[in-house]
Amino acid sequence: MAVAAAPSARRMSHTQFIELLRRGGASSSPRHGEVLHGWALKSGAASHAPVANSLITFYSSLLPRPLLAAAFAVFDEIPPLSRDAASWNSLLNPLSRHRPLHALSHFRSMLSSSTVLPSPHTFAAAFTAAARAASTTAGTAAHALACKIPSAVSNVYVSTSLLNMYCKLGIVSDARRVFDEMPQRNAFSWSTMVAGYAAEKCSEEAFDLFRLMLGECPYEKSEFIATAVLSAVSVPLGLLMGVQMHGLVLKDGMLDFVSVENSLLTMYVKAGCMGAALHVFESSRERNSITWSAMITGYAQNGEADSAVHMFLHMHTAGFAPTEFTLVGVLNSCSDLGALAVGKQAHGLMVKLGFEVQMYVKSALVDMYAKCGCIGDAKEGFDQLYEVDIVLWTAMVAGHVQNGEHEEALTLYARMDKEGIIPSNLTIASVLRACAGIAALEPGKQLHTQILKYGLGLGAPVGSALSTMYSKCGNLEDGMSVFRRMPNRDVIAWNSIISGFSQNGCGNGALDLFEQMKMEGIVPDHITFINILCACSHMGLVDRGWDYFRSMTKDYGLTPRLDHYACMVDILSRAGMLKEAKDFIESITIDHGTCLWRIVLGACRSLRDFNVGAYAGERLMELGTGDSSAYILLSNIYASQRKWNDVERVRHLMRLRGVNKDPGCSWVELNSQVHVFVVGEQQHPESENINAELRRLAKHVKDEGYHPTPKFSFNEELDALAESHEEDQLELISAAYS
DNA sequence: ATAGGGTTAG
């Protein structure tokens, strides 16, 4: 190393020293500085401010990690009276980036040192520190001080830093005031202000400011401002502005920047336009891991989980290593799809790449195992953790809820509570869903008091979950009163209350609420239409059902999903329009599996329509359904027509496919004791008394004039099994005991 | 002589 040659070093001037120190830049080895540092100490040059300041800068700009401790040591070695403003500033600047709180105390020491005055550089760094430390107090104090020094606030560097500070503190109105009062602006100032709007999701302000810039100083546009505007308009309703931005960046050749392309792609993802996103993706000249992540999480978040998984595999083939974002995206999709195999593959990659330690990646993993039904694996991952954070607790609780293990979710929550873990709003929402799932009003009310205790308020998702809990417990009035008190009612909140009305037999109320929702400017989504169509089904409103079904696509651009088709089939079937239901199903182009035919078959049973019934049943046989009741219903239809060959064929098919009927089961909780009843079993110690009481009730019902519809079955045993699927339990009881 | 603003997109 030429630097270390002592004789020449001894004769070195300070200027030469600084030049040598700067030579390698940030990529120098620490050793390079240490040698020069040693010389500076020996020769006494280290007490000269310019030399020491350069050393501080050297140490603190080393990559990949600055040596802040060494920089501090150099600062401490300068005799206090020899320290100039640059000595303080050269340390303050890196601290503001890497140790913002430390930077703030360094700034205070500088102010009280009384040997130097703060310079514009000082304020630029102090504002950055306050921004990074998220300290509004320190930031506004520094701003007040800077106002006393005219040269500071008029400086474009300083005022841009101040602007950035207010943006990062989330006080965008003050940021705009700083921006408007700036004597001079450059590309940084414009993009910082727009990024501030973007962070607050002020799409229109960001877009307008960008257009203002294009008019005033088009030469200042940069890829940074383009990405900032695109990020600002990346909201569900930002598509119109987003498309205009697409035109602008295309015209300006900005798409050569992969960052701009990625932002554009993300804009389409957030607008739910995966087709357009895919188009951008496919026509991109350059891709990086962010491009892939954006597509994968985009598919995951837009409910196209299989495309997400496909994209993930495609990424792998293209030779890109997964990132934590792609893994989380693919894990979330595996959760939705129940795709355990791919999920395990992602788990393997996670371990290999060392992402497993990141809390939110691990949460996604636990969540995936929980939702794929491997609650044991989920629990294992969960229990292995040294310190479980609230996100993971919530993932586990939500996993139980998702798996239908509502009691387990409540138990886990009780454990959390006992261990003194403070729940988040998401935890509470999940536990409320568990309560709603089992109509557990008491625990639900206790959660309501906890919401008050922790001051969680009725925002998303707590308010909606609470309202749903009350409605599902049959307490529609409380559901409605929670809904009324929610500060911001989003589409989910409206969906909750609409489904509450619909499920509690208030179909008209549900439809009124739907109109009210639209008047308040809330855009209905897929779920809204499921609720509305269900309400129509309950009320037998065929024409209105069709109107809503069409409106969904025509007015809101929503593609009907299986659930919507199922609701329509249900509406037609309940109204006795079985032929229409059949034709409707056969006009559907999406894969609808077995559920639509099963609805028709069920309806044919109560409407005694054997032709459509047999037709639907045969479709189910072709599809190889594993639903035992379908075999029983079809065989009963043939039996009632005395088509014994067909009866035998269906029953043979059922045996051949190993389809078994899970016996119907119900349970009642009484004084904290759960009593279980299984069809065909007399296990309960009080069976005899219970049966006697049922016989008495059935007789009473009969005496009151209720006569159950005669069944068309020939096989009572099979029919009783099919019956246990149906809602009308009373019919079974009276048939069995009359 | 030495010290300065924004690291965007998942």
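Computed from a predicted structure; not experimentally measured.

1. Remarks on the protein's contact with DNA strand B
So, point 1. Of all residues adjacent to DNA strand B, which total 45 residues, the nearest are Arg97, Asn155, Asn186, Phe224 and Thr297.
So, point 2. Among the atoms of DNA strand B lying within 4 Å of the protein, the sugar-phosphate backbone contributes 43%.
So, point 3. Residue serine 293 places a side-chain N or O atom 3.3 Å away from a base nitrogen belonging to DNA strand B.
So, point 4. One of the side-chain nitrogen or oxygen atoms of threonine 297 is found 2.5 Å away from a sugar or linking oxygen of DNA strand B.
So, point 5. By residue class, the composition of the surface near DNA strand B is 12 nonpolar, 27 polar and 6 charged.

2. As for the packing of aromatic side chains
Each aromatic ring pair is specified by the distance between its two centres and by the angle formed by the two planes.
So, point 1. The full count for this structure, using the stated rule, is 19 aromatic pairs.
So, point 2. A ring pair is formed by phenylalanine 529 and tyrosine 556, whose centres lie 5.9 Å apart and whose planes are at 50°; its orientation type is tilted. Of this pair, phenylalanine 529 sits in helix α33 (residues 526–539) while tyrosine 556 sits in helix α34 (residues 542–556), and the two are 27 residues apart along the sequence.
So, point 3. A relative accessible area of 0% means that phenylalanine 529 is categorised as buried.
So, point 4. Overall, the relative accessible area of 26% leaves tyrosine 556 in the partly exposed class.
So, point 5. Taking the centre distance of 5.8 Å and the plane angle of 70° together, the rings of tryptophan 597 and tyrosine 615 count as edge-to-face. One end of the pair, tryptophan 597, is in helix α37 (residues 595–607); the other, tyrosine 615, is in helix α38 (residues 610–622), with 18 residues separating them in the sequence.
So, point 6. A residue is classified by how much of its surface remains accessible, and tryptophan 597, at 5% relative accessible area, is buried.
So, point 7. What links up through ring pairs into an aromatic cluster is the set Phe514, Phe529, Tyr548 and Tyr556.
So, point 8. Lying over the aromatic face of phenylalanine 483, arginine 489 brings its terminal NZ or CZ to 4.8 Å of the ring centre.

3. Some words on helix α13 (residues 187–199)
One turn of the α-helix equals 3.6 residues, which is why residues spaced by three or four share an orientation.
So, point 1. Along its 13 residues, α13 runs 18 Å from first to last C-alpha, staying within 8% of the 18 Å computed at 1.5 Å per residue.
So, point 2. If you check the start of α13, you find a side-chain oxygen 3.0 Å away from the backbone N of phenylalanine 188, and it comes from asparagine 186.

4. Overview of the UniProt feature "repeat: PPR" (unreviewed entry) in chain A
So, point 1. UniProt tags residues 155–189, 288–322, 389–423 and 490–524 as "repeat: PPR" (unreviewed entry).
So, point 2. Secondary structure across residues 288–322 divides into 74% helix and 0% strand, with the first and last C-alpha atoms of the span separated by 11 Å.
So, point 3. What you have in residues 490–524 is 74% helix and 0% strand, and the ends, taken at the C-alpha atoms, are 10 Å apart.

5. Digging into the nonpolar core
So, point 1. The biggest cluster of nonpolar side chains holds 217 residues, and the ones touching the most others in it are Phe17 and Val600.
So, point 2. The contact partners of phenylalanine 17, leaving out residues within four places of it in the chain, are Met12, Leu36, Trp39, Ala40, Val51 and Leu55.

6. Brief notes about the environment of threonine 140
So, point 1. Among the secondary structure elements, threonine 140 is positioned in helix α9 (residues 136–146).
So, point 2. A relative accessible area of 34% places threonine 140 in the partly exposed class.
So, point 3. In sequence terms threonine 140 and tyrosine 166 are 26 residues apart; their C-alpha atoms lie 9.0 Å from each other.
So, point 4. Aside from chain neighbours lying at most four places away, what touches threonine 140 is Met165 and Tyr166.
So, point 5. A polar side-chain atom of threonine 140 sits 3.1 Å from the main-chain carbonyl oxygen of threonine 137.

7. Topic: the side chain of threonine 468
So, point 1. Looking at the element boundaries, threonine 468 is found in helix α29 (residues 462–472).
So, point 2. Assessed through its relative accessible area of 18%, threonine 468 is described here as buried.
So, point 3. Excluding residues within four positions of it along the chain, threonine 468 makes contact with Ala436 and Ser496.

8. Some details on unusual backbone geometry
So, point 1. Put simply, alanine 460 and proline 461 share a cis peptide bond, and its omega is -5°.
So, point 2. Positive phi outside glycine occurs at serine 114, with the angle close to 60°.
So, point 3. Structurally, serine 114 can be placed in the loop between α7 (100–113) and α8 (120–132).
So, point 4. Positive phi, close to 55°, is recorded for arginine 642, a residue that is not glycine.
So, point 5. Structurally, the position occupied by arginine 642 is in the loop between α39 (628–640) and α40 (644–656).

9. Examining the environment of arginine 489
So, point 1. Of note, arginine 489 is situated in the loop between α30 (476–485) and α31 (491–503).
So, point 2. Classification of arginine 489 as partly exposed rests on a relative accessible area of 25%.
So, point 3. Sequence spacing of arginine 489 and glycine 463 is 26 residues, and the spatial spacing of their C-alpha atoms is 8.8 Å.
So, point 4. Within the local environment of arginine 489, its side chain forms a polar contact with the backbone oxygen of phenylalanine 483, the two atoms lying 3.2 Å apart.
So, point 5. A polar contact of 3.3 Å, which involves the side chain of arginine 489, links it to the backbone oxygen of arginine 484.

10. Focus on the packing of helix α35 (residues 562–574) against α37
Packed helices, taken two at a time, are described by the angle between their axes plus the distance between the axes.
So, point 1. Packing of α35 against α37 brings their axes to within 9 Å, and their N-to-C directions diverge by 15°. Regarding the angle of α35 to α37, the classification is roughly parallel. With respect to the hand of their crossing, α35 and α37 are arranged in right-handed fashion. Mapping the contact onto sequence places Leu562, Tyr565, Ala566, Val569, Asp570 and Ser573 in α35 and Cys595, Leu596, Ile599, Val600, Ala603 and Leu607 in α37.
So, point 2. When its residues are assigned to classes, the contact of α35 with α37 shows 10 nonpolar, 1 polar and 1 charged.

11. A word on the pattern of salt bridges
So, point 1. Tallying each qualifying case throughout the model produces 21 salt bridges.
So, point 2. A salt bridge links aspartate 252 to lysine 221, with the shortest nitrogen-to-oxygen separation between them at 3.3 Å. Residue aspartate 252 is located in the loop between α16 (239–251) and α17 (258–270), and its partner lysine 221 is located in the loop between α14 (203–216) and α15 (223–232); the two are separated by 31 residues in the primary sequence.
So, point 3. For aspartate 252, a relative accessible area of 31% gives the class partly exposed.

12. Re the packing of helix α27 (residues 425–437) against helix α28 (residues 441–453)
So, point 1. Across the interface, α27 lies against α28 with an axial gap of 9 Å and an inter-helix angle of 160°. Between α27 and α28, the crossing angle belongs to the class labelled roughly antiparallel. Between α27 and α28 lies a crossing of left-handed hand. Where α27 abuts α28, its residues Ile428, Val431, Leu432 and Cys435 lie against Pro443, Gly444, Leu447, Gln450 and Ile451.

13. Re the confidence of the model for chain A
So, point 1. Of the residues in chain A, 92% have a pLDDT of 70 or more, and the chain-wide mean is 87.
So, point 2. The low-confidence segment residues 1–7 (pLDDT under 50) makes 7 contacts with residues lying over four places distant or belonging to another chain.
So, point 3. This stretch, residues 710–718, has a pLDDT under 50; its non-local contacts, to residues over four places away or in other chains, come to 24 contacts.

What counts, and at which threshold
Residues numbered from 1 in each chain as written. Chains lettered and ligands numbered in written order. Predicted model: local features only at pLDDT ≥ 70, side-chain atom pairs only at ≥ 80, totals over all residues. Heavy atoms only, no water. Near = heavy atom within 4 Å. Polar contact = N/O pair within 3.5 Å; in protein donor to acceptor, adjacent residues only side chain to side chain. Nonpolar A, V, L, I, M, F, W, Y, C, P; charged D, E, K, R; others polar. Phe/Tyr/Trp six-rings, centres within 6.5 Å; stacked < 30°, edge-to-face > 60°. Helix = DSSP H or I, 4+ residues; strand = E, 2+ residues; numbered from the N terminus. Buried < 20%, exposed > 50% of the residue type's maximum accessible area, 1.4 Å probe, protein only. Lys NZ or Arg CZ within 6 Å of the ring centre and 35° of its normal. Expected span 1.5 Å × (residues − 1). UniProt positions renumbered as here; feature names shortened; annotations may be inferred. Core = buried A, V, L, I, M, F, W, Y, C linked by side-chain atoms within 4.5 Å. Contact = heavy atoms within 4.5 Å. Axes fitted to C-alpha atoms, helices over the stretch in contact; angles between N-to-C directions. Parallel < 35°, antiparallel > 145°, perpendicular 65-115°, else oblique. Left-handed = near helix turned anticlockwise from the far one by under 90°. Salt bridge = Lys/Arg side-chain N within 4 Å of Asp/Glu carboxyl O. pLDDT = per-residue confidence, 0-100.

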